[in-house]
Amino acid sequence: MTDCITNNVIYVGFWQRVVATIVDTLVVSLVTAPLLYSLYGDFFSTGSSATFDPASLLVNYGLPFIGVMLFWLYKSATPGKMAIKSIIVDATTGDKPTVKQFIIRYLSAIPLGIGLLAVGWDKRKQGWHDKLANTVVIKKSK
């Protein structure tokens, strides 16, 4: 479950990607939690039953989607991946993925979260969402 080197490309392994995911979750929480608190006050902080009104959906799903897409489009990485000095590239060409690939990657990661475990044993450290989008996560060249 460590990094894998193939043809001078270092594929990022499972545990580093877990660290990146934790960093990303903290960043998203730092943005969404204050917004949710400002919208719902103590109702949000007490963990009462979930609300699915338009504002809540926008804050919980829309903003993270927009934020991740912007980071991917401009940096080919989220803050978590930048922290571990990694980028997402097209698995075939090594170039920056297309918008379509990024959207497929994002949307397929949600229901296929279990597919992240595949990073641990796949030779190119691809999760199912990477395979569906034809992307890989590699160490950023210096």
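Residues numbered from 1 in each chain as written. Predicted model: local features only at pLDDT ≥ 70, side-chain atom pairs only at ≥ 80, totals over all residues. Heavy atoms only, no water.

Participant: Could you give me a rundown of the side chain of Arg105, with the residues and numbers involved?
Facilitator: Inspection of the secondary structure puts Arg105 in helix α5 (residues 99–109). Setting aside its immediate chain neighbours within four residues, Arg105 contacts Arg17, Trp72, Lys81, Ile88, His129, Asp130, Ala133, Thr135 and Val137. (Helix = DSSP H or I, 4+ residues; strand = E, 2+ residues; numbered from the N terminus. Contact = heavy atoms within 4.5 Å.)

Participant: Now, about helix α1 (residues 14–40): what can you tell me, with residues and values included?
Facilitator: Taking 1.5 Å of rise per residue, the 27 residues of α1 would be expected to cover 39 Å, and the 36 Å separating its terminal C-alpha atoms lies within 8% of that figure. Along α1, the helix axis deviates most sharply at Ser29, where the bend reaches about 30°. Of all the residues in α1, the buried ones are Phe14, Arg17, Ala20, Asp24, Thr32, Leu36 and Tyr40. Residue Gly41 follows α1 closely and has a positive phi angle near 55°. (Expected span 1.5 Å × (residues − 1). Bend = angle between axes of the 7 residues up to and from the residue. Buried < 20%, exposed > 50% of the residue type's maximum accessible area, 1.4 Å probe, protein only.)

Participant: Describe in detail the packing of α1 against helix α3 (residues 54–75), supporting the description with residues and values.
Facilitator: Axes are the key here: two packed helices are described by the angle between their axes and the distance separating the axes. Packing of α1 against α3 brings their axes to within 10 Å, and their N-to-C directions diverge by 170°. With respect to each other, α1 and α3 are oriented roughly antiparallel. Packed against α1, whose contacting residues are Val28, Thr32, Leu35, Leu36, Leu39 and Tyr40, the element α3 presents Ala55, Ser56, Val59, Asn60, Leu63 and Pro64 at the interface. Here the contact of α1 with α3 is composed, by residue class, of 9 nonpolar, 3 polar and no charged. (Axes fitted to C-alpha atoms, helices over the stretch in contact; angles between N-to-C directions. Parallel < 35°, antiparallel > 145°, perpendicular 65-115°, else oblique. Nonpolar A, V, L, I, M, F, W, Y, C, P; charged D, E, K, R; others polar.)

Participant: I'd like a rundown of the packing of α3 against α5, residues and numbers included.
Facilitator: Running from N to C, α3 and α5 cross one another at 140°; their axes reach a closest spacing of 11 Å. Viewed along their axes, α3 and α5 adopt a mutual orientation that is oblique. Here the hand of the crossing between α3 and α5 comes out right-handed. In this structure, α3 contributes Tyr61, Pro64, Phe65, Val68, Met69, Trp72 and Leu73 to the contact, and α5 contributes Val99, Phe102, Ile103, Arg105 and Tyr106. Taken together, the residues that form the contact of α3 with α5 break down as 11 nonpolar, no polar and 1 charged. (Left-handed = near helix turned anticlockwise from the far one by under 90°.)

Participant: Could you give an account of the nonpolar core, naming the residues involved and the relevant values?
Facilitator: Ranked by size, the top nonpolar core spans 10 residues in total: Val12, Ala20, Val68, Met69, Trp72, Ile84, Ile88, Phe102, Tyr106 and Val137. Elements with a contribution of two residues or more to this core: α3 and α5. The residues touching Val137, leaving out its near neighbours within four places in the chain, are Ile10, Tyr11, Val12, Arg17, Lys81, Ser86, Ile87, Ile88, Arg105 and Asp130. In terms of nonpolar packing, the next biggest core, distinct from the first, is built from 7 residues, Ala77, Ile87, Val89 and Ala91 among them. (Core = buried A, V, L, I, M, F, W, Y, C linked by side-chain atoms within 4.5 Å.)

Participant: A description of the layout of surface pockets should follow, citing residues and the corresponding values.
Facilitator: To find leftover empty space, one rolls a probe the size of a water molecule over the atoms. By volume, the largest pocket amounts to about 860 Å³. In this structure, the largest pocket is lined by 28 residues; those nearest its centre are Thr21, Asp24, Val68, Thr78 and Tyr106. Elements with a minimum of two residues in the lining of the largest pocket: α1, α3, α4 (79–83) and α5. If you tally residues by element for the lining of the largest pocket, the top one is α1, at 11 residues. Among the residues forming the lining of the largest pocket, the class breakdown is 17 nonpolar, 7 polar and 4 charged. (1 Å grid on protein atoms, 1.4 Å probe; cavity = no way out; pocket = protein on both sides within 12 Å on 5 of 7 lines; lining within 4 Å. Points joined across faces, edges and corners; volume = space filled by probe spheres on them.)

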